[in-house]
Amino acid sequence: MKNNILRGKILRLLSDMYPDGIERTSLIGIYHAYETVDDIDKSAAYLIDKGYCSKTETPHPYKANMNVTYYKITPKGIDLIDGNCEPDQGILIPLEA
């Protein structure tokens, strides 16, 4: 899958999860059958850098010195999904099912 398609799928998933986010391990679990972990992480990083989603890390509840990473769509990402702003050539948003 091309990276712009994966970015769009991740953003659509985050939109569907809104106002909640999704844990990194769950995101990887959803797309791992089709993509490498590195590609998933790079696509999420791209979305963060462009301001379409945010990343938070919280201490793991059971494991010392480990964090749990969460991704959540931002208002800018919702606007992109809804078509309320200029399209981004680096992200191909899939149509709703």
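For the structure itself, consult the block above.
Along each chain, residue indices are assigned from 1 in the same order as the chain's sequence is written. Residues qualify for local features only when their pLDDT is at least 70, as the model is predicted, and side-chain atom pairs are given and counted only at 80 or more; totals for whole chains, interfaces and linings, by contrast, use all residues. Heavy atoms throughout the structure, all of them, feed into the side-chain values; hydrogens and water do not.

## Structural notes on the pairing of strand β3 (residues 67-73)
Strand pairing is defined by DSSP finding a minimum of two bridges between the two strands. Think of it this way: any DSSP run of H or I at least four residues long counts as a helix, any run of E at least two long counts as a strand, and we number them from the N terminus. With two bridges connecting them, strand β1 (residues 22-23) and β3 associate as antiparallel partners. Bridging across to β3, I22 finds its partner in Y71.

## With respect to the side chain of S43
You can see S43 is positioned in helix α3 (residues 37-49). Note on classification: 1.4 Å probe, protein chains only; a residue is buried when its accessible area is under 20% of the maximum for its type, exposed when over 50%, partly exposed between these limits. Judged by relative accessible area, which is 2%, S43 ranks as buried. Note on contacts: a residue pair qualifies if any of its non-hydrogen atoms lie within 4.5 Å across the two residues. Contact partners of S43, with chain neighbours within four places excluded, come to N3, L6, R7 and I10.

## A word on the nonpolar core
In plain words, nonpolar cores are sets of buried Ala, Val, Leu, Ile, Met, Phe, Trp, Tyr and Cys residues tied together by side-chain atoms within 4.5 Å. Counting 19 residues, the largest nonpolar core has I10, L11, L14, L27, Y31 and L47 as its most contacted members. Among the elements of the structure, α1 (3-17), α2 (24-31), α3, β3 and α4 (75-82) are those that each provide at least two residues to this core. The dominant element in this core, judged by the number of residues it contributes, is α1, at five residues. Sequence-distant contacts of I10, defined by excluding residues within four places in its chain, comprise L27, Y31, I40, S43, A44 and L47.

## A short note on the packing of aromatic side chains
Put simply, two rings from Phe, Tyr or Trp (the six-membered ring, in Trp's case) pair if the centres are within 6.5 Å, and we call them stacked under 30 degrees between planes, edge-to-face over 60, tilted for the rest. The final tally for this structure, using the stated rule, is zero aromatic pairs. Two limits define a charge over a ring: the Lys NZ or Arg CZ must be within 6 Å of the ring centre, and within 35 degrees of the ring normal. Above the plane of the ring of Y46 lies R7, whose end atom (NZ or CZ) is 3.9 Å from the centre. When the ring centre of Y52 is taken as origin, the NZ or CZ atom of K76, which lies over that ring, is 5.1 Å away.

## Overview of a negative patch on the surface
Patches were defined on residues exceeding 30% relative accessible area and lacking a salt bridge, with like-charge contacts within 9 Å and nonpolar side-chain contacts (Val, Leu, Ile, Met, Phe, Trp, Tyr) within 5 Å. Surface exposure here means Shrake-Rupley accessible area, sampled with a 1.4 Å probe, where a residue is shielded only by the protein chains that are shown. Within this document, salt bridges are pairs made up of a side-chain nitrogen of Lys or Arg and a carboxyl oxygen of Asp or Glu, the two lying within 4 Å of each other. In this charge count, Lys and Arg are treated as positive and Asp and Glu as negative; neither His nor the chain ends contribute. Here the site of a charge means atom NZ of a Lys, CZ of an Arg, CG of an Asp or CD of a Glu. A surface patch of like charges, here negative, comprises D16, D79, D82 and E96. Within the secondary structure, E96 sits in the segment after α4.

## Describing the sheet that holds β1
Read from one edge of the open sheet, three strands run β1-β3-β2, paired in antiparallel fashion. Sheet topology places β1 and β2 (53-59) at the edges, where each strand pairs with a single neighbour.

## Details of unusual backbone geometry
Here the bond from Y18 into P19 is cis, since omega is 10°, no more than 30 degrees from zero. One non-glycine residue with positive phi stands out, namely N65, at about 60°. One can find N65 in the loop between β2 and β3.

## Looking at α1
Residues that lie three or four places apart on an α-helix share one face, since the helix turns once every 3.6 residues. In a regular helix each residue adds 1.5 Å, so 15 residues correspond to 21 Å; α1 covers 21 Å between its end C-alpha atoms and thus fits that length. Listed as buried for α1 are L6, R7, G8, I10, L11, R12, L13, L14 and S15. Looking at the buried side of α1, the elements it contacts are β1, α2, α3, β2, β3 and α4. An expected span of 1.5 Å times one less than the residue number is assigned to each helix.

## A word on α2
All buried positions along α2 are accounted for by L27, I28 and Y31. Axial view of α2: buried residues confined to an arc of 95°, hence all on one face. Set apart from the buried face of α2 by more than 90 degrees, the exposed residues are T25 and G29. Buried residues along α2 sit against α1, β1, α3 and β3. What the arc measures is the spread of directions leading from the helix axis to the C-beta atoms.

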